[in-house]
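Chain residues, written in single-letter form:
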Amino acid sequence: MRIELHTGDREVLRPLFELAEDSRAELDAYLPAGQVLVALDGEEIVGHLQLVEHEIKNMAVREARRGRGVGRALVTEAIALARRERAERVLVATAAADTGNLRFYQRLGFRMLAIERDAFTPATGYPPGLEVDGIELRDRVWLHLQLDAA
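All values derive from a computational prediction rather than experimental measurement. All residue numbers refer to positions counted from 1 along the written sequence of the respective chain. Only residues with pLDDT of at least 70 are given local features in this predicted model, and only at 80 or more are side-chain atom pairs given and counted; all residues enter the totals for whole chains, interfaces and linings. Side-chain measures were taken over the full set of non-hydrogen atoms in the model, leaving aside hydrogen atoms and water.

Visitor: Where do I start with the environment of Val52 in this structure?
Guide: Along the chain, Val52 turns up in strand E3 (residues 44-52). On the basis of relative accessibility, which here comes to 18%, the residue Val52 falls in the buried class. By definition, residues are in contact when any of their heavy atoms lie within 4.5 Å. Residues within four places of Val52 in sequence aside, it is in contact with Ala33, Gly34 and Lys57. Counting from the N terminus, the helices are DSSP H or I runs at least four residues long and the strands are E runs at least two residues long. In this scheme, a residue with accessible area under 20% of its type's maximum is buried, one over 50% is exposed, and one in between is partly exposed, where area comes from a 1.4 Å probe on protein chains only.

Right, here's the structure in full:
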């Protein structure tokens, strides 16, 4: 597996982006922004990560490839990219209901920063009744990884 910058049409990645974003309006607004890293197994794209101004905006790994280090490799490369750009920190936001994502990012050294209440509502483009592991999707948790000054 290798990680590289995606320089082609992002619409081909839309199905992967949709794995991590339930609001079409939100996705349409940020899809063209920032840089996108892709994880490739041969020529097959098995995961992606979008980095917008040192924020992990969207990341997903194909279901069949989860639990094999693809997400970790993408985040590690995003952190390296942010360091090369002399960023002070890397941000990421995820649903408070998604304990798997919270665990994943904390294992990579991210720390909780803030809670954004009622981020996932019909008013913000999300369908009503969304759940993650039986927990209603409502609040967003912001995490950050402070980068070394060097």
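Additional details are given in the paragraphs that follow.
Visitor: Honestly, the layout of surface pockets in this entry has me stumped. Any pointers?
Guide: A probe matching the size of a water molecule, rolled over the atoms, marks out where space remains unfilled. Cavities and pockets are defined on a 1 Å grid built over the protein atoms alone: a cavity is a set of grid points where a 1.4 Å probe fits but cannot escape, while a pocket is an open set with protein on both sides within 12 Å along at least five of seven lines, and lining residues are those with an atom within 4 Å of any such point. Grid points are joined across faces, edges and corners, and a volume is the space filled by probe spheres set on the points. The computed volume of the largest pocket comes to approximately 1,200 Å³. Together, 41 residues line the largest pocket, and Ala20, Met59, Thr94, Asp98 and Asn101 are the ones closest to its centre. Secondary structure elements with two or more residues in the lining of the largest pocket: helix H1 (14-20), helix H2 (24-30), strand E4 (55-61), helix H3 (70-84), strand E5 (89-95), helix H4 (99-107), strand E7 (131-132) and strand E9 (140-146). Element by element, the count of residues in the lining of the largest pocket is highest for E4, at 7 residues.

Visitor: Before we go on, may I ask you to explain H3 in this structure?
Guide: Helix length check: H3, at 15 residues, gives a terminal C-alpha distance of 21 Å against a target of 21 Å (1.5 Å per residue), a fit within 8%. The set of residues buried in H3 consists of Val70, Gly71, Leu74, Val75, Ala78, Ile79, Leu81 and Ala82. Trailing H3 by a residue or two, Arg86 shows a phi angle of about 60 degrees, which is positive. Multiply 1.5 Å by the residue count of a helix minus one, and that product is the helix's expected span.

Visitor: What's the story with the nonpolar core in this structure? I'm lost.
Guide: Most often, soluble globular proteins have nonpolar side chains that are buried together. Remark: nonpolar core denotes a set of buried residues (Ala, Val, Leu, Ile, Met, Phe, Trp, Tyr, Cys) joined through side-chain atoms within 4.5 Å. By size, the foremost hydrophobic cluster in this structure holds 26 residues, and its most contacted members are Leu49, Ile56, Leu74, Val75 and Phe110. Looking at this core, the elements that each hand over two or more residues are strand E2 (35-41), E3, E4, H3, E5, H4 and E9. Among the elements that line this core, the one with the most residues is H3, at 7 residues. Aside from chain neighbours lying at most four places away, what touches Val75 is Leu49, Ile56, Met59, Phe104, Tyr105, Leu108 and Phe110. Within the second largest apolar cluster, 11 residues are counted, among which are Leu13, Tyr30, Val38 and Ile45.

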